[in-house]
Each structure stands twice: as structure tokens, then as C-alpha cells.
Amino acid sequence: MGKRDSGKRKKYLAAALAVSVLVLAFLLLRAVTEDWGAQAYSDSYVAMAELPSQLSFTYYEEEEWKEKLKELNSGKGLNGKLTYGKLEKLLGQLSLSEYVDYQEKLPWSNVPRPEWNKIYRQILDLLDVEGRVSMEPLVFLTEEPEEAGEQGDLRQLTQKGYLEFPEGINYFHSYDMYQAYVMGNRIIGVESEYKESLTLENVFVHSAKEEQAEILFEHQKIQLDIAGLKEEITDTVCDMEWTDRKVSAIYKKEDMVSGKVLSFNEEQIEISGYGMLPYRGPLKIYKTYGTVEELDKSKLVIGNLQADFVVAEKEVCGIILKEPASIEVIRVLLLNEGGTPYHESPVFVADADGTVTVGDQSSPLKANQPLKAAELLKEGSGHVKISLEDGDGRIYFSDGDGGHASLGYRGTMEIRKYPEGYGVVNELSLEQYLYGVVPSEMPSSYEREALCVQAVCARSYACIHLMGGSYAALGAHVDDSTSYQVYNKQGETEQTNLAVDDTVGEVIKYQGEVAEAYFFSTSCGYTGDMGLWNIGGEEKYGYLQGICLAPEQGADISTEENFASFIKNKEAASFDSGSPYFRWSAKVNVKKHSNDIKNAIAARAEANAKNVQIFKEDGTEGTALDLAGLGAVKELSVGERGAGGGIRKLCISCEKGSVDLLTEYNIRYVLGAAAEKLKDKNGEPIGMELVPSAYFALTPAKKGYVLDGGGYGHGIGMSQNGANGMAKAGMKYTEILMKFYQNITIENVYNEE
């Protein structure tokens with residue numbers, strides 16, 4: 001009896017032990033799979049690591065949610081899966097326990113993703129009052145994520161462009177299709193796999209054949225697997241349909257028009273011969289000559305670029321460039337007398353017969369016939385274009401009675417109506433434009449070689465802006481003011497036109513690119529480098545090193561004392577020493593003009609805070625709002641000089657703090673607000689709001705400082721008076737250019753392929 005009981009007991013113990021082992025194995029397996037399996041997408045659970053980003057729209061930031069969820073997760077960090085027990089605590093954290101409905105289950109049971117989605121939508125309805133979170137179907141076009149920034153986020157390319165996402169949902173692969181929760185440009189969670197069809201609109205297909213396609217999208221070349229394509233596609237814009245993680249169809253956009261871009265803004269693009277056409281989203285531009293690339297809209301050259309425009313439903317879907325822009329014309333925005341882009345009621349007159357075109361309707365124009373923009377431009381009539389039959393004819397702004405109110409303009413005139421007024425654009429060849437620039441920027445009485453230098457500099461400057469889009473919305477490359485180059489403010493002369501003709505097409509290049517040929521009026525005997533503007537890019541501007549303009553060896557200006565001695569010497573040797581601005585002087589009454597100085601500082605801080613460094617009494621950084629609390633200005637001192645002696649940093653000490661001014665313009669502007677008795681080299685008064693240059697020495701005086709300075713202008717690049725002096729000394733224009741601009745070549749822009 002006892003033996004049988006003992007045998008039964010052993011069987012029971014063995015069975016109990018086996019059950020215990022199975023339970024332990026199950027619990028161990030559950031723990032392992034909870035920790036290991038949480039990084040993959042599944043409909044059967046939601047990983048705890050997914051929740052901080054999904055909840056980041058609520059009361060707490062994502063990092064705060066990470067800490068709160070770690071506490072809620074019983075010391076497991078963010079490993080594991082959301083269970084019903086954790087869900088109950090989470091809703092308590094959100095103060096939503098009474099407001100969210102769901103079917104309760106055992107606390108250790110995982111919450112399936114569909115159930116969590118129902119709960120999450122209720123949370124969104126209750127807390128996302130601004131509608132920051134949206135639901136977006138996405139297809140992923142790249143395999144590997146890349147780092148998106150300092151926060152540890154990742155990003156991948158989708159049909160919506162690059163979207164960032166946290167590491168907690170790092171399970172996206174190419175061709176994956178998900179319905180995702182998106183906030184801004186960031187995926188914060190995944191609702192489900194996306195099972196329907198999805199369209200990638202306006203994608204550039206470089207080639208598609210033999211079950212392979214290469215597309216350009218967001219500046220990336222992407223290889224795609226395709227199937228069932230009946231025709232080959234090359235270099236055009238298409239819509240691509242995705243179904244079940246595959247490209248299921250490609251729809252080629254057949255309609256195309258050709259022309260030149262005349263203007264563009266954020267919603268419309270004006271095409272020669274077609275007028276304004278709308279576009280949606282970013283303007284898509286593709287280059288097919290040379291290397292196939294996607295370009296940004298800064299490469300869309302106004303007036304000089306023939307392009308193909310893919311159009312669907314009267315909208316531009318993409319632009320295809322099959323050849324580079326040719327330098328043919330420049331489009332100049334003619335500002336009004338106040339220096340703004342819009343004219344109130346302009347009237348024009350021509351000295352030769354021609355044609356007036358309004359929209360697509362043309363009519364003859366007689367010489368001396370006044371043309372009123374308000375009468376020509378009716379509602380919805382596009383723009384007016386005035387062109388002349390005689391290449392030597394000119395178009396003028398008129399007083400309304402046929403009289404001339406401006407110098408004559410070559411080329412054509414275009415007038416557009418905007419809500420603010422009329423925009424006027426003069427289109428003409430680059431060389432004709434220079435006929436109007438050179439005499440407006442340099443006296444025609446200067447030496448021929450100096451005028452040739454000015455022509456090359458002006459052409460180089462213009463070529464850079466021809467390739468830009470600063471005035472694209474108004475259909476122009478540049479305006480006619482000092483913001484670019486002064487144009488047509490002085491009449492053409494034989495001397496200046498010959499300088500343009502003698503250098504036709506020539507520009508300066510540095511490291512293969514057209515160089516921005518900065519110039520100014522007069523040096524102090526030295527020029528400076530780009531440090532005077534504090535914009536960086538030393539490698540790009542390596543041709544602007546700063547030079548000495550003395551015919552022989554220049555003076556030593558390496559110390560404050562030496563520079564002061566040099567700048568006070570009115571007889572110092574320099575190629576531009578004959579200019580009255582070669583030396584100048586002014587007085588700065590610090591006590592009298594303390595508020596004027598601080599007001600000028602505030603104005604420059606508003607314009608560019610980076611170059612106005614304000615320090616409070618305790619040494620901490622301040623803003624323009626703290627200027628009033630700094631008290632009166634007490635002292636000025638030179639903090640740093642650049643190449644050639646120009647001041648890069650001026651230190652202004654106040655009763656309760658200080659200000660460091662960076663850049664030559666800020667220094668000239670602020671001291672100009674306090675300068676008195678400004679006189680040139682010959683003792684003649686100078687009337688200007690800025691002090692002439694940042695090349696000066698500070699000498700303490702009874703009520704402030706005496707400024708002993710030299711030169712007129714920013715001091716970077718070519719001194720016009722210096723170039724004239726070099727020409728008088730027998731130097732050729734090419735020698736002068738290579739003196740002012742280091743390591744350059746002089747090349748003809750019209751000879752480029």
C-alpha cells in the first residue's frame with residue numbers, strides 16, 4: 001500500500017515538475033519575444049518604443065514620455081509590448097481613463113494594433129485640438145535609413161519626400177507601404193500596412209525597360225523593379241502607381257510645350273508664347289544634357305533658357321532642360337524714383353516705329369506716340385511688350401505729352417500689372433546692357449584701360465546674376481540701382497562703349513567659375529578681403545586677398561601705431577592718391593550722440609543680429625532690447641583689423657555693458673550717425689550718412705574721437721580710382737585685373753560650350 005502511494009506521489013511530482021518547466025519555458029519565451037520581437041511591425045502588438053513619438057503631441061515632449069513610459073514599464077526601459085495593464089496606467093497618465101472606451105482584457109495580454117488604433121484615434125480626438133497629427137499612406141523608396149540630425153532621428157525617402165522618424169519605429173524597407181501617423185515632416189507612428197493602390201505623382205523617369213526603371217526623385221537616383229511595361233520610357237515625367245509593394249503601372253504625361261521662362265513665383269511660371277501657367281508643390285526641374293540631374297529652381301535662368309514643360313490639366317508638372325542656358329539677354333527691373341519696384345501710372349514713348357504687343361495681339365507703334373500702361377493693360381490682359389524696328393531706336397519714360405522723362409533704353413520694354421502697381425522690365429543683350437552700366441559706374445573721362453577693367457568687372461557681375469533668380473517673380477535678373485549695378489543713369493559715350501566692345505564677352509573666373517568682381521570707388525592705399533563682411537567662404541573668395549596699391553613697396557601697417565601713422569599721411573604713395581577721398585577726417589562727439597549711436601546699433605541689430613554682439617553688465621549676451629539699459633556710450637576702440645587695415649570689429653563700451661560691431665558696413669553706419677565735420681583730403685566738406693570707409697584710426701579728443709581715414713567704399717576688390725591710376729602708369733586692363741583679383745583667368749563667356 002505504502003509503495004503504491006509512493007509511486008503515485010513520484011508520478012504526480014514528475015508531472016508537476018514537467019508542467020512547471022513548461023510554464024517557465026513559456027514565461028521565458030514570452031519575455032524573450034517581448035524584448036526581441038518589439039522592433040518589427042506586427043498587427044498583433046504595439047511596441048513600447050513606438051509610444052513616445054506617438055504621444056509627443058500631448059502634454060509632454062517625446063523625451064519626457066520616454067522617461068514616463070520607462071517607469072510605467074516596470075524597469076524594462078522601452079523594451080517589450082503594450083499590454084492592457086500598461087494601457088490602463090497610460091490612460092491614467094493622460095487623465096483619459098474615464099473618456100476612452102475599449103474592451104478590457106487580462107492585464108498581461110498584448111494590445112493588438114487594430115485595438116490600439118481605435119484607442120489612439122480617441123486620444124487624438126480628445127487632445128489633438130489643433131489637428132497636428134494626420135494619417136498618410138506612404139511608400140518607402142529607399143532601403144536604408146539615414147541620420148536626420150542631432151536628435152538621433154532617422155529619415156527615409158517616401159512619395160511625400162524625405163520624412164523623419166524615431167528609432168522606435170525603425171523597421172521600414174524599400175517598397176514597404178504603410179498607413180502612418182505624421183506630424184509635420186515626421187512619422188510618429190504606424191497604423192497599419194497599406195493595402196490599396198498609391199500614386200507617386202510627377203516623377204522623372206530617366207529610363208524604364210526590361211522590368212527595371214531608373215527614376216529621379218528628391219535629387220536621388222533610384223532603381224525600381226517593374227513588370228508588365230509595354231513601351232520603353234526615356235527622360236520624361238510620369239505618374240507611377242504602386243500596389244502590394246510593387247510598381248503596378250506607369251502613366252506617361254504626353255503633353256509638352258517649349259519656350260523660355262520669363263518669370264516665376266511660388267504658384268505660377270510664365271512661359272514665352274504661353275503666358276502664366278500654374279504648378280503645384282515644389283517646381284520640378286530636370287537636366288538631361290551631360291549628367292542627368294534634378295535641379296533646384298535657383299538654376300532656372302530667366303530669359304536665356306530654352307526648356308520643355310510637361311503639362312497636365314493646364315498645370316506644369318515638370319521642366320526638362322536639354323541644353324544649358326545661353327547668355328543672350330539680360331532683364332533689368334527699372335525701379336521708380338523712390339527706388340521701389342512698382343510704378344503708379346507709367347507712360348512710354350519711342351523715337352522709332354515699332355510694335356506694341358498686348359497678350360497675343362500686336363499693333364503698330366508710331367514714333368513719338370505716347371503709350372499709357374493703364375490704357376493698354378486691361379484686366380487679365382497679361383503684359384505689354386514694346387519692341388522697335390530700328391536697332392538704334394530707344395524707348396523712354398514719358399511725361400505723358402510725348403516728352404522724355406528718362407534716358408533712352410535699348411532693347412524691348414515689358415510692363416506687367418501687379419496689385420502694388422506696374423512693373424517695368426527692360427530686356428536687351430548683355431553687351432548693350434553694359435553700354436548703360438559702365439558710364440553709370442565709372443566716369444567716361446577715365447583712361448581706356450580702366451574703363452575696360454570696369455567693363456569686365458560689370459560683365460562678370462552681371463553673368464552671376466543672370467544665373468540667379470532674385471527677381472524671378474517680377475521677370476527680371478537685376479534692377480537698375482546700386483543693389484546690383486547702376487544702369488542707364490548716365491548717357492552712353494563713345495569711350496565707354498568702346499571699352500565694352502574691346503572686351504566683348506570677357507569675364508574673370510576663379511577655379512573655373514565666374515567670380516563676383518566686387519569694386520568700389522577709392523582705396524586708402526590698401527584693399528581688404530571678405531573678412532570685412534564676415535560671411536565666411538574663404539575658399540570661394542580666395543581671389544580677394546587684399547593688395548597694396550603703392551607703386552613701390554608699401555608702408556608697414558601691422559600695428560595700430562603704424563596704421564595710424566600711415567592713414568594720417570596725406571602724401572602716401574598710392575595709385576589712387578589723387579582722389580579727394582584718398583584721405584578724409586571726421587569728429588565723433590560720443591557724449592552728444594550717445595543715443596544716436598545706440599539707435600543706429602538697434603537698426604543694424606534688426607537687420608542682421610549676427611553682426612551686432614551686445615553684452616550686458618554681467619558679461620552675458622543681450623539683444624537690441626537691452627540697449628537702453630546699457631547706459632551712455634563711453635569709449636570706442638578697434639577690436640580687430642583685417643587685411644589692408646580695414647576694421648573688422650569695433651568695440652563700443654557703455655556705462656553698463658558693451659557692443660561689438662562686425663562688418664565694415666555696420667561700423668560705417670553706426671559712426672555715420674555721430675560723425676561731424678566730415679572733410680576730404682583737401683578740407684572740403686563731405687555730405688554722406690555713412691563714414692566713407694572702415695579704414696580709419698581712432699584718436700581720443702576732448703568730446704570723443706577724431707577719425708583719420710582713407711578711401712571711399714567697402715574696400716574689397718577693385719578700386720576704380722586705383723585702376724585709373726594704374727592705367728595712367730601704363731598697365732593694361734588684363735594686368736590691372738590680375739593685380740586686384742588673385743589667381744584668376746580671363747575667359748570669354750560666349751565661347752563656352
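Asks: Explain the overall build of the protein chain to me, using residue names and the numbers behind them.
Replies: Looking only at helices and strands, the protein chain features 14 helices and 43 strands. The globule rule puts the C-alpha radius of gyration for 753 residues at 27 Å, and the 36 Å found for the protein chain is more than 25% above it. If you line up the protein chain on its principal axes, its C-alpha atoms span 135 × 70 × 45 Å. Per-residue burial for the protein chain yields a buried fraction of 51% across its 753 residues. Partitioning the contacts of the protein chain with sequence separation of at least 6, the portion at a separation of at least 24 is 64%.

Asks: I'd like to hear about unusual backbone geometry, residue by residue, with values.
Replies: You will see that Asn 488, though not glycine, has its phi angle at about 60°, which is positive. Considering the arrangement of structural elements, one finds Asn 488 in the loop between β29 (478-479) and α9 (494-502).

Asks: Give a description of the pattern of salt bridges that names residues and reports values.
Replies: Taken as a whole and assessed by the stated rule, the structure comprises 32 salt bridges. For Arg 331, the salt bridge is made with Glu 414, and the minimal N-O distance between the two is 2.7 Å. In this pair, Arg 331 sits in strand β19 (residues 329-333) while Glu 414 sits in strand β27 (residues 412-418), placing the two residues 83 residues apart along the sequence. Between Arg 331 and Glu 427 there is a salt bridge, with the nearest N and O atoms lying 2.5 Å from each other.

Asks: Would you mind going over the sheet that holds strand β12 (residues 256-264) in detail, with residue names and values included?
Replies: Within the open sheet, the 7 strands sit side by side as β14-β13-β12-β17-β18-β15-β16. Their pairing is mixed. Edge positions in the sheet fall to β14 (275-278) and β16 (293-295), since each of these pairs with one other strand and no more. Strand after strand, the sheet turns through a mean of 45° between neighbouring axes, direction not considered. As defined by bridge partners, strand β15 (residues 285-287) adjoins β16 across 3 bridges and the pair is classed as antiparallel. Residue pairing across strands places Tyr 286 opposite Glu 294, the latter belonging to β16.

Asks: Go over a negative patch on the surface with me, naming the residues and quoting the values.
Replies: Taken together, the side chains of Asp 351, Asp 353, Glu 389, Asp 390 and Asp 392 define an acidic patch exposed on the protein surface. Tracing the backbone shows Asp 351 in the loop between β21 (347-350) and β22 (354-358). By relative accessible area, which is 34% here, Asp 351 ends up partly exposed.

Asks: Kindly report on the confidence of the model for the protein chain, identifying the contributing residues and their values.
Replies: When pLDDT is averaged along the protein chain, the result is 90; 94% of the residues meet or exceed 70. In this model residues 31-38 is a low-confidence stretch, pLDDT under 50, and it forms 15 contacts with partners more than four residues away in sequence or in other chains.

Asks: How would you summarise the pairing of strand β5 (residues 177-183) if you had to cite specific residues and measurements?
Replies: Where burial is concerned, most of β5 is hidden: 7 out of the 7 residues are buried. The alternating pattern of β5 places Met 177, Gln 179, Tyr 181 and Met 183 and Tyr 178, Ala 180 and Val 182 on opposite faces, both of which are buried. Bridge count for β5 against strand β6 (residues 186-193) is 6 bridges, and the pairing is antiparallel. Residue pairing for β6: Tyr 181 is matched across the bridge by Gly 189. Hairpin remark: β5 followed by β6, antiparallel, with 2 residues in the connecting loop; positive phi at Gly 184, about 70°.

Asks: Now, about the environment of Leu 630: what can you tell me, with residues and values included?
Replies: Within the fold, Leu 630 resides in the loop between β35 (621-622) and β36 (633-641). Distance in space between the C-alpha atoms of Leu 630 and Leu 650 is 17 Å, their sequence separation being 20 residues. Ignoring anything within four residues of it in the chain, the contact list for Leu 630 reads Ile 614, Phe 615, Lys 616, Cys 654, Glu 655, Lys 656, Gly 657, Ser 658 and Val 659.

Asks: Describe the packing of aromatic side chains, with residues and values.
Replies: Tallied over the full model, the rule gives 32 aromatic pairs. Centroid distance Tyr 59 to Tyr 60: 6.2 Å. Interplanar angle 80°. Geometry classified as edge-to-face. Classification of Tyr 60 as partly exposed rests on a relative accessible area of 23%. Ring centres of Tyr 510 and Tyr 543 lie 5.3 Å apart, and the angle between their planes is 50°; this geometry places the pair in the tilted category. With Tyr 510 in strand β30 (residues 506-510) and Tyr 543 in the loop between β32 (519-520) and α10 (560-567), the pair connects residues that are 33 residues apart, well separated along the chain.

Asks: Residues and numbers for helix α3 (residues 62-72), please.
Replies: For α3, the full list of buried residues reads Glu 62, Trp 65, Leu 69 and Leu 72. Angularly, the buried residues of α3 cover 70° about the axis, an arc narrow enough to put them on a single face. Taken together, the buried residues of α3 touch α2 (51-54), α4 (84-93) and β6. A positive backbone phi angle near 55° is found at Ser 74, which sits one or two residues after α3.

Asks: Describe helix α14 (residues 733-740), with residues and values.
Replies: One full turn of an α-helix is made of 3.6 residues, so residues set three or four places apart face in the same direction. Within α14, the full set of buried residues consists of Tyr 733, Ile 736, Leu 737 and Phe 740. All buried residues of α14 project into a common sector of 100° when viewed along the axis, lining one side. Of the surrounding elements, those touching the buried residues of α14 are α8 (448-466), α9, β30, β42 (718-719), α13 (720-728) and β43 (745-748).

Asks: Break down the environment of Tyr 471 for me, citing the residues and quoting the values.
Replies: Mapped onto the elements of the fold, Tyr 471 is located in the loop between α8 and β29. Judged by its relative accessible area of 16%, Tyr 471 falls in the buried class. Residues Tyr 471 and Pro 137, spaced 334 residues apart in sequence, show a C-alpha to C-alpha distance of 38 Å. Once residues within four sequence positions are removed from consideration, Tyr 471 is found in contact with Leu 333, Leu 335, Ala 476, His 477, Val 478, Asp 479 and Tyr 484.

Asks: Which residues make up the packing of α8 against α13, and what are the values?
Replies: Where α8 contacts α13, the two axes come as close as 7 Å, and the packing angle between them is 140°. By the angle between their axes, α8 is oblique relative to α13. Along this stretch, α8 crosses α13, giving a crossing that reads as right-handed. Within the contact between the two elements, α8 uses Glu 449, Ala 450 and Gln 454 and α13 uses Gln 720, Ala 723, Asn 724 and Ala 727. Of the residues in the contact of α8 with α13, the class split is 3 nonpolar, 3 polar and 1 charged.

Asks: A description of the pairing of strand β37 (residues 647-654) should follow, citing residues and the corresponding values.
Replies: The sheet contact formed by β36 and β37 spans 7 bridges and is antiparallel. The residue of β37 that forms the bridge with Glu 640 is Lys 649. Where β36 hands over to β37, the hairpin turn is made up of 5 residues, of which Gly 644 adopts a positive phi near 85°. Bridge count between β37 and strand β38 (residues 657-662): 6 bridges; the pairing is antiparallel. Bridge pairing in β38 places Lys 649 opposite Leu 662.

Cut-offs and rules
Residues numbered from 1 in each chain as written. Predicted model: local features only at pLDDT ≥ 70, side-chain atom pairs only at ≥ 80, totals over all residues. Heavy atoms only, no water. Helix = DSSP H or I, 4+ residues; strand = E, 2+ residues; numbered from the N terminus. Rg over C-alpha atoms; globule rule 2.2 N^0.38 Å. Buried < 20%, exposed > 50% of the residue type's maximum accessible area, 1.4 Å probe, protein only. Contact = heavy atoms within 4.5 Å. Salt bridge = Lys/Arg side-chain N within 4 Å of Asp/Glu carboxyl O. Pairing = 2+ DSSP bridges. Axes fitted to C-alpha atoms, helices over the stretch in contact; angles between N-to-C directions. Patch = residues over 30% accessible without salt bridge, like charges linked within 9 Å, V, L, I, M, F, W, Y side chains within 5 Å. Areas by Shrake-Rupley, 256 points an atom, 1.4 Å probe, with all protein chains shown as cover. Lys, Arg positive; Asp, Glu negative; His and termini not counted. Charge placed at Lys NZ, Arg CZ, Asp CG, Glu CD. pLDDT = per-residue confidence, 0-100. Phe/Tyr/Trp six-rings, centres within 6.5 Å; stacked < 30°, edge-to-face > 60°. Arc of directions from axis to C-beta. Parallel < 35°, antiparallel > 145°, perpendicular 65-115°, else oblique. Left-handed = near helix turned anticlockwise from the far one by under 90°. Nonpolar A, V, L, I, M, F, W, Y, C, P; charged D, E, K, R; others polar.

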